[in-house]
Amino acid sequence: MSRILRVVLNSRPGKNGEPVPENFRVEESTLTTDLKPGEVLVRTLYLSVDPYMRCRMNEDTGADYLSPWVLSECVDGGGVGVVESSRHDAFSKGDTVTSFNWRWQTCDVVDGSRLQKLDPDLVNGHLSYFLGAVGMPGLTALLGVREKGHLKPGANQTMVISGAAGACGSVAGQIGKLDGCGRVVGICGSEEKCRVLVSELGFSSAVNYRKGDVSAALRESCPDGVDVYFDNVGGAISDTVIAQMNKDSHVILCGQISQYNKDVAYPPPLSTETQELLHSKNITRERFMVLSYMEKHEAGLLQLSQWVKAGQIKVLETIVNGIENMGGAFCSMMTGGNIGKQIVKISD
Ligand code: NDP
């Protein structure tokens, strides 16, 4: 038996409520560490907080691929950890492993079939990158751009990214540049984020949507209009971008975080005006889901790893320490407290 800490769902924010740290509760618990055949004892190193988790806080997630978190039961999501002991043939002590359904616990005993082994060399030992730039958010950026962006190298296209300073957005913009866009413009929620996008990540320019006339600032940043829009946020920001899109251009419908605290179906309905614009300018806006491209994940992660190791993609992270801060980190990410991927470090 060993003593552990874990995070359970304490209460639900309600379909139209903003999540608060008190929706989560940290508890002491015990773990039986005598392994049965096929089981693995893992110690948690890093946990991820992601926007889709907001849906899991509702009783009805609104998505058939997402199950709701259960009240007073341990919450789960993306995690990375190290094998402490194993009775599964594929894993040995010291292996680095990950899962999309890692319980928010300091240690856990899991069925080995639910774990994937990771090669720390892919991230030069920065294991938290497996939850960000060389993990699901990085793949979302890469496959979103490649599958739905219709980029034409040499065509001097302008790409706009909303949520640009976040985990997916910061990588998507850099891939836009690597894949040949002439101009890459980020939209995000602070002056500091704008500065980082331009001076550290090589974005052509950035617009702070919380300040001034966003439409005018975007027009100045995109004098030739917008050819590709990587949409992470939806709502009024996306209406503003779509109004400046060119004929035959493309929206990568990645996420709509501005609507996640509202009880609306996904993707949320567009205004009549925006719908008419899409139609009259022949703008594509197909829903993108990273989980629909599982067969491309392995090659995608290798590509992301190569770019990161070569310094062609710069990785931004906001890391907080301690399992007791999981709820706070989630709520902070949902309100823009992060630059790059929000990570919680659980142990060394
Ligand atoms: P981020 O790291 O981008 O964190 C969320 C960010 O959203 C915040 O930092 C904040 O930045 C911004 N934000 C929050 N509320 C608003 C608002 N009302 N208006 C505008 N911006 C807001 O998260 P991820 O990179 O993990 O996810 C980004 C998007 O990608 C989400 O919509 C998510 O659901 C989606 N996604 C989709 C996937 C798919 O398969 N389609 C897979 C993974 C993610 P700021 O300071 O700029 O406001």
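Here the structure is shown first, and the text comes after it.
Since this is a predicted model, take the numbers as computed values, not measurements.

*Asks:* What exactly am I supposed to notice about the overall build of the protein here?
*Replies:* The helix and strand tally for the protein stands at nine helices and 15 strands. Oriented by its inertia axes, the alpha-carbon framework of the protein measures out at about 65 × 45 × 35 Å. Looking at the protein as a whole, 52% of its 348 residues qualify as buried. A separation threshold of at least 6 residues defines the contact pool for the protein, and within that pool the share at least 24 residues apart is 67%. By element, 49% of the accessible surface of the protein is carried by carbon and sulfur atoms, the whole surface being about 15,200 Å². Taking the average place of the 34 positive charges on the side chains of the protein and the average place of its 40 negative ones, the gap between the two points comes to 1 Å.

*Asks:* What's the story with the site of the ligand in this structure? I'm lost.
*Replies:* Near the ligand lie 28 residues; those nearest to it are K193, Y209, Y260, V290 and N338. The separation between an oxygen atom of the ligand and a polar side-chain atom of Y260 is 2.7 Å. A distance of 2.8 Å separates a nitrogen atom of the ligand from a polar backbone atom of F288. Of all elements in the fold, only α2 (136-148), α3 (167-178) and α9 (326-334) reach the threshold of two or more residues within the shell around the ligand.

*Asks:* What exactly am I supposed to notice about a nonpolar patch on the surface here?
*Replies:* On the surface, Y65, F100, L291 and M294 cluster together to form a nonpolar patch covering roughly 390 Å² of accessible area. With respect to the helices and strands, the residue M294 is situated in the loop between β13 (284-287) and α8 (297-309).

*Asks:* Looking at this structure, how should I read the pairing of strand β3 (residues 39-48)?
*Replies:* If a strand is regular, its side chains alternate between the two faces of the sheet. In terms of residue burial, β3 counts as a mostly covered element, since nine of its ten residues are buried. Bridge count for β3 against strand β6 (residues 107-111) is five bridges, and the pairing is antiparallel. Opposite R43, over in β6, you have C107 as the bridge partner. Strand direction decides the pairing type here: β3 and strand β4 (residues 76-86), joined by seven bridges, are antiparallel. Bridged to L47 within β4 is G79. Two elements, β3 and strand β15 (residues 341-345), share three bridges in a ladder whose sense is antiparallel. Paired with L47 across the two strands is V344, which belongs to β15.

*Asks:* When you look at the sheet that holds strand β8 (residues 158-162) in this model, what are you seeing that I'm missing?
*Replies:* In a beta sheet, neighbouring strands pair by backbone hydrogen bonds and run either parallel or antiparallel. Strand order in the open sheet made by the six strands is β10-β9-β8-β11-β12-β13, with parallel pairing throughout. This sheet does not close on itself; its edge strands, each paired only once, are β10 (205-208) and β13. Neighbour-to-neighbour, the strand axes of this sheet turn through a mean angle of 15 degrees, independent of strand direction. Direction of pairing for β8 relative to strand β11 (residues 226-231): parallel, over a ladder of three bridges. Bridging across to β11, I161 finds its partner in F230.

*Asks:* I keep staring at α3 and nothing clicks. Help me out?
*Replies:* Residues that lie three or four places apart on an α-helix share one face, since the helix turns once every 3.6 residues. The end-to-end C-alpha separation of α3 is 17 Å, in line with the 16 Å expected for twelve residues at 1.5 Å each. A large share of α3 lies buried, amounting to ten of its twelve residues. Buried within α3 are the following residues: A167, C168, G169, S170, V171, A172, G173, Q174, I175 and G176. In the core, the buried residues of α3 are packed alongside α2, β8, β9 (183-188), β11, α8 and β15.

*Asks:* Quick question: what am I supposed to make of α8 here?
*Replies:* Between the first and last C-alpha of α8 there are 18 Å, a value that for 13 residues agrees with the 18 Å anticipated at 1.5 Å per step. For α8, every residue scored as buried is listed here: H297, G300, L304, S305, W307 and V308. What you see down the axis of α8 is that its buried residues fit within an arc of 165 degrees, all on one side. Along α8, exposed side chains directed more than 90 degrees from the buried face belong to E298, A299 and Q306. Of the residues flanking the end of α8, it is G311, one or two places downstream, whose phi is positive at about 75 degrees.

*Asks:* Just to check I follow, could you spell out the packing of α2 against α8 for this structure?
*Replies:* Axes are the key here: two packed helices are described by the angle between their axes and the distance separating the axes. For the pair α2 and α8, interaxial distance at closest approach is 10 Å and the crossing angle is 105 degrees. Classified by the interaxial angle, the pair formed by α2 and α8 is roughly perpendicular. Taken together, the residues of α8 that come into contact with α2 (itself represented by G138, L139, L142, L143 and R146) are H297, G300, L301, Q303, L304 and W307. Split into classes, the residues belonging to the contact of α2 with α8 amount to six nonpolar, four polar and one charged.

*Asks:* Explain the environment of L5 to me, please; I cannot follow it from the model alone.
*Replies:* Along the chain, L5 falls in strand β1 (residues 2-9). For L5, a relative accessible area of 31% gives the class partly exposed. In this structure the C-alpha to C-alpha distance between L5 and L277, which are 272 residues apart in sequence, comes to 52 Å. Other than its neighbours up to four places away in sequence, L5 contacts V26, E27, E28, W104, Q105, T106 and I323.

So, how was this worked out
- Residues numbered from 1 in each chain as written.
- Predicted model: local features only at pLDDT ≥ 70, side-chain atom pairs only at ≥ 80, totals over all residues.
- Heavy atoms only, no water.
- Helix = DSSP H or I, 4+ residues; strand = E, 2+ residues; numbered from the N terminus.
- Buried < 20%, exposed > 50% of the residue type's maximum accessible area, 1.4 Å probe, protein only.
- Contact = heavy atoms within 4.5 Å.
- Areas by Shrake-Rupley, 256 points an atom, 1.4 Å probe, with all protein chains shown as cover.
- Lys, Arg positive; Asp, Glu negative; His and termini not counted.
- Charge placed at Lys NZ, Arg CZ, Asp CG, Glu CD.
- Near = heavy atom within 4 Å.
- Polar contact = N/O pair within 3.5 Å; in protein donor to acceptor, adjacent residues only side chain to side chain.
- Patch = residues over 30% accessible without salt bridge, like charges linked within 9 Å, V, L, I, M, F, W, Y side chains within 5 Å.
- Salt bridge = Lys/Arg side-chain N within 4 Å of Asp/Glu carboxyl O.
- Pairing = 2+ DSSP bridges.
- Axes fitted to C-alpha atoms, helices over the stretch in contact; angles between N-to-C directions.
- Expected span 1.5 Å × (residues − 1).
- Arc of directions from axis to C-beta.
- Parallel < 35°, antiparallel > 145°, perpendicular 65-115°, else oblique.
- Nonpolar A, V, L, I, M, F, W, Y, C, P; charged D, E, K, R; others polar.

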